[in-house]
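Breakdown of the fold
The primary structure of each chain is shown beneath.
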Amino acid sequence: TPAADSVQDTLTAIAWLSAQPGVKAVSLVGLGVAGIWCLLARAHAPKVKACVVDADRFDADSDEEWAGRFLIPLLRRAGDVRTAVALAAPGRLLLHNTGDAFGTGWMAQLYRTLGSSASLSLNTKQAGAGAIADFVLG
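Residues numbered from 1 in each chain as written. Predicted model: local features only at pLDDT ≥ 70, side-chain atom pairs only at ≥ 80, totals over all residues. Heavy atoms only, no water.

A closer look at the packing of helix α4 (residues 80-88) against helix α5 (residues 105-113)
The contact between α4 and α5 brings their axes to 11 Å, and the two run at 20°. Taken together, the axes of α4 and α5 are roughly parallel relative to one another. The hand of the α4/α5 crossing is right-handed. Touching V81, R82, V85, A86 and A88 of α4 are W106, M107, L110 and Y111, all from α5. A breakdown of the residues in the contact of α4 with α5 according to their chemical character gives eight nonpolar, no polar and one charged. (Axes fitted to C-alpha atoms, helices over the stretch in contact; angles between N-to-C directions. Helix = DSSP H or I, 4+ residues; strand = E, 2+ residues; numbered from the N terminus. Parallel < 35°, antiparallel > 145°, perpendicular 65-115°, else oblique. Left-handed = near helix turned anticlockwise from the far one by under 90°. Contact = heavy atoms within 4.5 Å. Nonpolar A, V, L, I, M, F, W, Y, C, P; charged D, E, K, R; others polar.)

Structure, rendered in structure tokens:
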């Protein structure tokens, strides 16, 4: 599907960048629809330094939203964003623009359990460019 292709393209870009001479670290920043692509790709890229995900006010509990925006067969059965975050933890993750529908309480609990609360930043509002740069560079 186009969404699965976009996640694979993100993984390909990570692999290419990581192989370049002088590149010491790769971070991901996904804005708008690319936010969820980056979160799903991050689950398969353990060497990513930091991941910034614009949730784009996505309702991760809605089958209709998944079908309309991120159709990837069987992704919901595999745990969707919950599995992606669990595989990315305890890596540095900024999840912003969640709005009220994208539940994040379990993420905070996961990072607390792993002793990595400082590696997770959650924001219901959209983060500005300065906050994103500070997180990636921090």
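A short note on helix α1 (residues 2-18)
In a regular helix each residue adds 1.5 Å, so 17 residues correspond to 24 Å; α1 covers 24 Å between its end C-alpha atoms and thus fits that length. The complete set of buried residues in α1 reads A3, S6, V7, T10, L11 and I14. With its buried residues spanning 140° around the axis, α1 presents them on a single face. Along α1, exposed side chains directed more than 90 degrees from the buried face belong to P2, D9 and W16. Contacts from the buried residues of α1 go to β1 (28-30) and α2 (34-42). (Expected span 1.5 Å × (residues − 1). Buried < 20%, exposed > 50% of the residue type's maximum accessible area, 1.4 Å probe, protein only. Arc of directions from axis to C-beta.)

Focus on unusual backbone geometry
With omega at 5°, the peptide bond leading from A89 into P90 counts as cis. By the element assignment, P90 lies in the loop between α4 and β3 (92-96).

Observations concerning the pairing of strand β2 (residues 50-54)
For β2, a buried count of five out of five residues is recorded, marking the element as mostly surrounded by other parts of the structure. A two-sided burial pattern is seen for β2, the buried positions comprising A50, V52 and D54 on one face and C51 and V53 on the other. By the bridge criterion, three bridges tie β1 to β2 in an arrangement that is parallel. Residue L28 lies in a different strand from β2, and its bridge partner there is C51. Handedness of the β1-α2-β2 crossover: right-handed. Pairing between β2 and β3: five bridges, direction parallel. Directly across from V53, in β3, lies its bridge partner L95. (Pairing = 2+ DSSP bridges. Right-handed = clockwise from strand over helix to strand, strands pointing away.)

As for the packing of α2 against α4
Where α2 contacts α4, the axes come no closer than 8 Å and their chain directions differ by 50°. Relative to α4, α2 is oriented oblique. Note on packing geometry: the crossing formed by α2 with α4 is left-handed. The residues of α4 that touch α2, namely those facing I36, L39, L40 and R42, are D80, V81, A84, V85 and A88. Of the residues contributing to the contact of α2 with α4, the split by class is seven nonpolar, no polar and two charged.

A look at the layout of surface pockets
When its volume is computed, the largest pocket comes out at roughly 220 Å³. Around the largest pocket, the lining comprises 14 residues; the ones closest to its centre are V7, L40, A43, H44 and L75. Taken together, the residues of the lining of the largest pocket break down into 10 nonpolar, three polar and one charged. (1 Å grid on protein atoms, 1.4 Å probe; cavity = no way out; pocket = protein on both sides within 12 Å on 5 of 7 lines; lining within 4 Å. Points joined across faces, edges and corners; volume = space filled by probe spheres on them.)

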